[in-house]
Number of protein chains: 2
Amino acid sequence: MFDGIRQYYQELIPKLSDEEWLQLENRLVIESYPKGSLICREGENCKGVYYIHKGLARLYYTVDGREICTGFAKEGEYLSEYDSFLTQSPASQSMDVLEDTIAINLPYEKMQDLYRNYPIFNQAGRKIAEGLFILISRYNTRLLTLSPEDRYQYIIDNQYHLIQRVPQYMLASFIGISPEHLSRIRKKMIR
Amino acid sequence: MFDGIRQYYQELIPKLSDEEWLQLENRLVIESYPKGSLICREGENCKGVYYIHKGLARLYYTVDGREICTGFAKEGEYLSEYDSFLTQSPASQSMDVLEDTIAINLPYEKMQDLYRNYPIFNQAGRKIAEGLFILISRYNTRLLTLSPEDRYQYIIDNQYHLIQRVPQYMLASFIGISPEHLSRIRKKMIR
DNA sequence: CTTTTCCATTAACATATATCAAGAAGCCAA
DNA sequence: TTGGCTTCTTGATATATGTTAATGGAAAAG
């Protein structure tokens, strides 16, 4: 169950000891979410960082009753409303799951606890934050520098699993356009 | 000269010792940039993280010969093309200075060196990365959830120094619209 | 001081993209 | 199998925002 996470952390901290791993493992919480359920609701404090063991989760804003997706995580990937998690303040995004999902949660207090008692985890925390920064930074770059068509092409080339598992209207908001416009772009690209 | 930086790090690492601070200070490089000059050019590897001692620096993309600003840093603030810095790969943004600027640079190799020999700096590195994540994440939130007018209002309310020190056409790109459109928005807001 | 360059404003016009509305297609549930 | 959701597509129309171009003022340069 925890193999994926252990491997992940061992890449972040090559010299992670068995004892330290055990301390981490003891703090992990396995959670199960049926398709469509919320992991975190906008306005509430995000409770943890979630490793997706099985399934598919999504992060999104709700604006004027409309959803704007900003991220997805499938098996082996992490997801969190990280701003809310770090500051323990109300989330501006919600997280839900698009399929039945099993997530492994590292709750906020447990993580702070680890940082205090096992400082080596600061190294993991640093690399995780750096990784998340790079992720959002590149997402930003694509939104600001590519055309809608090129942003869709990017998903085809680099995140093809999203095309297969995520409804098209969610992908549309992910690349910053309306569902109808994406439909037209697809039509044009087929020719 | 280094007072601001020292204070900054001591907030990140409350138990930073004099010895550790000295190790950091020895690795800092003071650099001087005349108005308009580049700190980092798109396509090159970003060499460091820059603390602005005096002056004003800017981060921006160049798309079809046009500039899109994504960040500014004044005295007491940090700036870097952090993706490029972390991965030591070509930058997708440039950094230049809008006024004569003195920056204090922590170069990449020196920073890695610190992480290796003084692991406590991982804690600072973690908090810096977390802070940068929050910064870009909220910038993203504003771009995705606010109208252009509200985005401009946000700058008035929260970053008024930018209104005073940054040309309006740069602010326009910062909030994601054309200079002409910002001019119209301002006119409408005055009424 | 001049002269030049940069920048903000304004107006007319162009266009990408959104919105609205209807129908078709796929999928799930009973 | 049937009926009802959900999602995708398509067309007509609307609109926010961009583009082009001209003007005037302010700031910088000489």
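Cut-offs applied
Residues numbered from 1 in each chain as written. Chains lettered and ligands numbered in written order. Predicted model: local features only at pLDDT ≥ 70, side-chain atom pairs only at ≥ 80, totals over all residues. Heavy atoms only, no water. Least-squares fit on C-alpha atoms with pLDDT ≥ 70 in both. Contact = heavy atoms within 4.5 Å. Helix = DSSP H or I, 4+ residues; strand = E, 2+ residues; numbered from the N terminus. Pairing = 2+ DSSP bridges. Axes fitted to C-alpha atoms, helices over the stretch in contact; angles between N-to-C directions. Near = heavy atom within 4 Å. Nonpolar A, V, L, I, M, F, W, Y, C, P; charged D, E, K, R; others polar. Domains from an automatic or database assignment. Buried area = accessible area lost by both parts, 1.4 Å probe. Salt bridge = Lys/Arg side-chain N within 4 Å of Asp/Glu carboxyl O. Polar contact = N/O pair within 3.5 Å; in protein donor to acceptor, adjacent residues only side chain to side chain. Phe/Tyr/Trp six-rings, centres within 6.5 Å; stacked < 30°, edge-to-face > 60°. Buried < 20%, exposed > 50% of the residue type's maximum accessible area, 1.4 Å probe, protein only.

Overview of the relation of the copies chain B and chain A
For these two chains of identical sequence, chain B goes onto chain A by a turn of 180° and a shift of 0.0 Å along the axis, with RMSD 0.0 Å. One copy is carried onto the other by what is essentially a two-fold rotation axis. Minimal C-alpha distance to the rotation axis in chain B is attained by Arg126(B), lying at 1.9 Å. Most of the interface of chain B is mirrored in chain A, where 100% of its interface residues are also at the interface.

Here's the deal with the side chain of Thr101(A)
Topologically, Thr101(A) is positioned in strand E8 (residues 101–107). Beyond its immediate chain neighbours, meaning those up to four positions away, Thr101(A) contacts Glu31(A), Ser32(A), Tyr33(A), Ile52(A), Lys54(A), Gly55(A) and Leu56(A).

A closer look at the sheet that holds strand E5 (residues 66–74) of chain B
One open sheet accounts for four strands, arranged E2-E7-E4-E5 (chain B); its pairing is antiparallel. Two strands bound the open sheet, and with one partner strand each, they are strand E2 (38–40) and E5 of chain B. Pairwise comparison of adjacent strand axes, ignoring direction, gives a mean angle of 30° for this sheet. Here E2(B) pairs with strand E7 (residues 94–97) of chain B via two bridges, running antiparallel. Counted as the bridge partner of Leu38(B) is Asp96(B) from E7(B). Packed on one face of the sheet, helix H5 (residues 121–145) of chain A meets strand E4 (56–63) and E5 of chain B and runs near 60° to E4(B).

Remarks on the protein's contact with DNA strand D
Looking at DNA strand D, there are 16 residues lining it, with Gln168(A), Arg184(A), Lys187(A), Glu180(B) and Arg184(B) nearest. For the surface near DNA strand D, the secondary-structure elements that each account for two or more residues are helix H8 (168–174) and helix H9 (179–190) of chain A together with helix H9 (179–190) of chain B. Top element by residues in the surface near DNA strand D is H9(A). It accounts for five residues. Residues belonging to the surface near DNA strand D are distributed by class as follows: four nonpolar, five polar and seven charged.

Examining the domain arrangement of chain A
By convention, interface size is frequently given as the accessible area that disappears when the constituent parts associate. Residue and element names in this part refer to chain A. Per the domain assignment, the segments of chain A are domain 1 (3–132) and domain 2 (146–191). Computed from C-alpha coordinates alone, the two centres of domain 1 and domain 2 are separated by 26 Å. Taking both sides of the interface into account, the surface hidden between domain 1 and domain 2 amounts to around 880 Å²; carbon and sulfur atoms contribute 64%. When the buried area of domain 1 at its contact with domain 2 is split by residue, Cys69, Phe72 and Lys74 rank highest and sum to 47% of it. The interface formed by domain 1 and domain 2 contains two salt bridges. Among the ionic pairs, Arg165 bridges to Glu75, the shortest N-O distance being 2.7 Å. Scanning the region where domain 1 abuts domain 2 turns up four residue pairs in polar contact (both at pLDDT 80 or more). Looking at the side of domain 1 that touches domain 2, the elements with two or more residues in it are strand E4 (56–63) and strand E5 (66–74). The dominant element in the side of domain 1 that touches domain 2, judged by the number of residues it contributes, is E5, at seven residues.

What to know about the packing of aromatic side chains
Overall, the coordinates contain 18 aromatic pairs over all chains when judged by the stated rule. When the ring of Phe133(A) is compared with that of Tyr82(B), the centres are 5.3 Å apart and the planes differ by 80°; the resulting orientation is edge-to-face. Taken together, the residues Phe133(A) in helix H5 and Tyr82(B) in helix H3 (residues 82–87) connect one chain to another. As far as the burial class goes, Phe133(A) and Tyr82(B) line up, both buried. Between Tyr51(B) and Tyr78(B), the aromatic rings sit 5.2 Å apart at their centres with planes inclined by 65°, giving edge-to-face as the arrangement. Here Tyr51(B), found in strand E3 (residues 48–54), pairs with Tyr78(B), found in strand E6 (residues 78–79); they are 27 residues apart in sequence, far enough to count as distant. Accessibility expressed as a relative area gives 8% for Tyr51(B), which makes it buried. What links up through ring pairs into an aromatic cluster is the set Tyr8(A), Tyr9(A), Tyr51(A), Tyr78(A) and Phe121(A).

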